[in-house]
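Structural overview
The lines below spell out each chain.
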Amino acid sequence: FAFRPLVFPNHATNHHQHMNDADSNLAKDNAVSMTDLFQNKKVAVFGVPAPFTGTCTTAHYPPYQRLQNEFKAKGFDAVVCYSVADPYAHYNWGLAMGNDFDSIAFLADADGEWARSNDLERDYTGASLGHRSARFSMVVEDGIVKAFNLVEDAEKDAEVLLQQA
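The text that follows walks through the structure, step by step, so that each part is easy to find. (Residues numbered from 1 in each chain as written. Predicted model: local features only at pLDDT ≥ 70, side-chain atom pairs only at ≥ 80, totals over all residues. Heavy atoms only, no water.)

**Digging into the overall build of the chain**
When its secondary structure is counted, the chain shows seven helices and nine strands. Looking at the chain as a whole, 48% of its 165 residues are labelled buried. Here the analysis covers contacts within the chain between residues at least 6 apart in sequence; of these, 66% occur between residues at least 24 apart. (Helix = DSSP H or I, 4+ residues; strand = E, 2+ residues; numbered from the N terminus. Buried < 20%, exposed > 50% of the residue type's maximum accessible area, 1.4 Å probe, protein only. Contact = heavy atoms within 4.5 Å.)

**A closer look at the pairing of strand β3 (residues 42-48)**
The element β3 is extensively covered by neighbouring structure, given that seven of its seven residues are classed as buried. Across the two faces of β3 the burial is the same, with K42, A44, F46 and V48 and V43, V45 and G47 all buried. Here β3 pairs with strand β8 (residues 136-141) via six bridges, running antiparallel. Along β8, the bridge assignment pairs A44 with V139. With six bridges joining them, β3 and strand β4 (residues 78-83) adopt parallel strand pairing. Looking across to β4, one finds that G47 is bridged to Y82. (Pairing = 2+ DSSP bridges.)

**Details of the pairing of strand β9 (residues 144-150)**
Inspection of the sheet shows β8 paired to β9 by six bridges, in the antiparallel sense. Across the sheet, the residue bridging to M138 is F148, located in β9.

**Side note on the environment of D36**
Note on placement: D36 falls in helix α2 (residues 34-38). It is 9.9 Å that separates the C-alpha atoms of D36 and G143, two residues lying 107 residues apart in sequence.

**Observations concerning helix α3 (residues 54-66)**
Under the 1.5 Å per step criterion, the end-to-end length of α3 is 18 Å for 13 residues, consistent within 8% with the ideal 18 Å. Residues of α3 that are buried: C56, A59, H60, Y61, P63 and Y64. (Expected span 1.5 Å × (residues − 1).)

**Notes on the packing of aromatic side chains**
Tallying each qualifying case throughout the model produces twelve aromatic pairs. Ring plane angle 70° and centroid distance 5.6 Å describe the contact between F101 and F106, whose orientation is recorded as edge-to-face. Just as F101 is buried, F106 falls in that class too. Pairing F136 with F148 gives two aromatic rings, centres 5.9 Å apart and planes at 15°, and the pair type is stacked. Of this pair, F136 sits in strand β8 while F148 sits in strand β9; the two residues are twelve residues apart in sequence, bridging distant segments of the chain. Its relative accessible area of 0% is what places F136 among the buried residues. Connected via pairs of aromatic rings, a cluster forms that spans Y61, Y91, W93, F101 and F106. Positioned above the aromatic ring of F76 is the side chain of K42, whose terminal nitrogen or guanidinium carbon lies 4.7 Å from the ring centre. (Phe/Tyr/Trp six-rings, centres within 6.5 Å; stacked < 30°, edge-to-face > 60°. Lys NZ or Arg CZ within 6 Å of the ring centre and 35° of its normal.)

Structure representation (C-alpha cells):
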C-alpha cells in the first residue's frame, strides 16, 4: 500500500451503517459520504476481512471495544470498523458482540469497491470468503491519512493505532 495523503473521494459511497430490518434497507438511505465521515474530524478506521470470523471476532475487534474510551481521550471523533461484507451481516456481527454503535460505527463495503480502489482487496477464496479487504488500520484527520498499517498482529492493532495518534 503506497502512502497517499488523500485517499478518500468526496462523494457518496456504498458504505452502510446501522443497516437492519427496523430501518430502511435501501442503500441510498444508508450511504455515508467520505466527506461526512472525515471532514473536520479525527477518525480511527480498522478493517477486518469478514464479520463472524475467528481472528476478526476474537482478536481484532475486542481491543477496539475495550479501548474505545482511550480513543475518545486522544481526540478521536469516531472509530469505524470497516469490512467488505453485506451490511446486514456486518451490523448483526456488531450486535452479537455487544457493540455500542455510538462508539464504534460499522461500515460495510458491499461490493468491495473501496478496497479495490485502494489496493486493499485480497483473495480469501481458499478460506471460503471470496474477495475481501486486507486487515488494516489507519488514522485519518480531515480526510488525510496520517498513519496506515497493514495489520499482522490483530490483538495489538488498537494499541498500535493509539500510539500513532
